[in-house]
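# Architecture and fold: a report
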Amino acid sequence: MLLQRVITALVLLAFLLPALFYPAPEPLCLLAIVAIAAATWEWGRMNGMSQPKSVALAMAMVFTCLLSWIMGLLTAHTPTLWTIAGAAWVLVGGWLLRNGVNGWANIDKVVRGIVGFAALWLAWLAICQARVIGTNFLLSVLLLVWVADIGAYFAGRAFGTKFFKNKLAPAISPGKSWEGVCGGMLGVLVLAVAWVWADNAWASPVASLYTRLAHQSGVLLVVAALFMAAMSVVGDLVESLIKRSAGVKDSSGLLPGHGGVLDRVDALLPTLPLAMMLASIVG
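On a predicted model such as this, the values are computed, not experimentally measured, just so you know.

To find leftover empty space, one rolls a probe the size of a water molecule over the atoms. The full count for this structure, using the stated rule, is one cavity of 30 Å³ or more. Within this model, the largest cavity holds a volume of roughly 30 Å³. In terms of lining residues, the largest cavity is bounded by A148, A152, G180, V181, G184, M185, A229 and V233. When residues of the lining of the largest cavity are traced back to their parent elements, those giving at least two are α6 (135–159), α7 (178–201) and α9 (218–246). Split into classes, the residues belonging to the lining of the largest cavity amount to six nonpolar, two polar and no charged.

For the protein, per-residue confidence averages 92 on the pLDDT scale, and residues scoring 70 or more make up 99% of the total. When pLDDT is averaged over each helix and strand of the protein, the minimum, 83, is found for strand β1 (residues 167–169) and the maximum, 97, for helix α3 (residues 51–70).

A few words on the nonpolar core. General note: in soluble globular proteins, nonpolar side chains tend to be found buried as a group. Within the largest apolar cluster, 79 residues are counted, with the highest numbers of intra-cluster contacts made by W82, L120, W124, L138, L209, Y210 and L262. For this core, the element with the highest residue contribution is helix α5 (residues 109–133), accounting for twelve residues. Beyond its immediate chain neighbours, meaning those up to four positions away, W82 contacts L122, L125, A126, Q129, P273, M276, M277 and S280.

Conventions and cut-offs
For every chain, the first residue of the written sequence is number 1, and numbering continues from 1 along that sequence. In keeping with the model being predicted, local features are shown solely for residues with a pLDDT of at least 70 and side-chain atom pairs are shown and tallied solely at 80 or more, while totals for entire chains, interfaces and linings include all residues. To get the side-chain values, all heavy atoms of the structure are used, and hydrogens and water are removed first. Grid points spaced at 1 Å over the protein atoms alone were grouped into cavities, where a 1.4 Å probe fits but cannot get out, and pockets, open sets with protein on both sides within 12 Å along at least five of seven lines, with lining residues defined by an atom within 4 Å of a point. Grid points are joined across faces, edges and corners, and a volume is the space filled by probe spheres set on the points. Runs of E in the DSSP output that reach at least two residues are strands. Runs of H or I that reach at least four are helices, and both are numbered from the N terminus. Polar here means any residue outside two lists: the nonpolar Ala, Val, Leu, Ile, Met, Phe, Trp, Tyr, Cys and Pro, and the charged Asp, Glu, Lys and Arg; Gly therefore counts as polar. One number per residue, pLDDT, summarises how confident the predictor is, and it ranges from 0 to 100. We define a nonpolar core as any set of buried Ala, Val, Leu, Ile, Met, Phe, Trp, Tyr and Cys residues linked to one another through side-chain atoms lying within 4.5 Å. Buried residues are those whose accessible area, probed at 1.4 Å on protein chains only, stays under 20% of the maximum for their type, while exposed residues exceed 50% and partly exposed ones sit between those limits. Residues count as neighbours in contact if any of their non-hydrogen atoms are within 4.5 Å of one another.

Pasting the structure below:
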């Protein structure tokens, strides 16, 4: 299993890194369409759609992304869209976690399909607009999620339930602890401060998300970093809730050793639009 995970990770990096660091954003945007289409197919399957309907939903996603590209949305200034998307993630994400697995199961399948389609399309558009801003900006958002996840894993293993009596969300994801959340947040704070220092030391031509926030105020940087770390946990928990509702361990087996595409991008679904919202606010 470990060898399988390593091989899959290396193959993914072989596609991701060249696209990410290519001088123009087009290769990454095309790669993101493939990933989001696969995640859309997984979403359909996990929410009771037949195989043909799930494939049709994925094809509709490809069409929607390409149409958005043709319409010039990748380079458009869309602060209102990101404000609405960010508010929706906070409100809907909170509602879903409050109502749990049964709450999701009681929602009409058509509504579930529309919600998932919108969330995945927004994530694709956000990653493309972030790449248009610059690789440094996009990387600062991607690494926020990865650092939060790594920090939560190690803090949870080392201190789980030692400081907090209750687990984070035992009915949704029994392995997650409040200690893990705190560890992830601490890791993100360290990342944010280090990135601001690196941007200044190396005179980065494209400011990271953290530097943009720090230019407004240090307090905003801290609050926004903690908020983003928290919302990455929300994205993870929402996908876990949906998997529990569907009765599956992984969103699919598309990535051997890693589960499905949704399993790898769940925390990015809220954080990417929220990063674009914050970038729009600070200018």
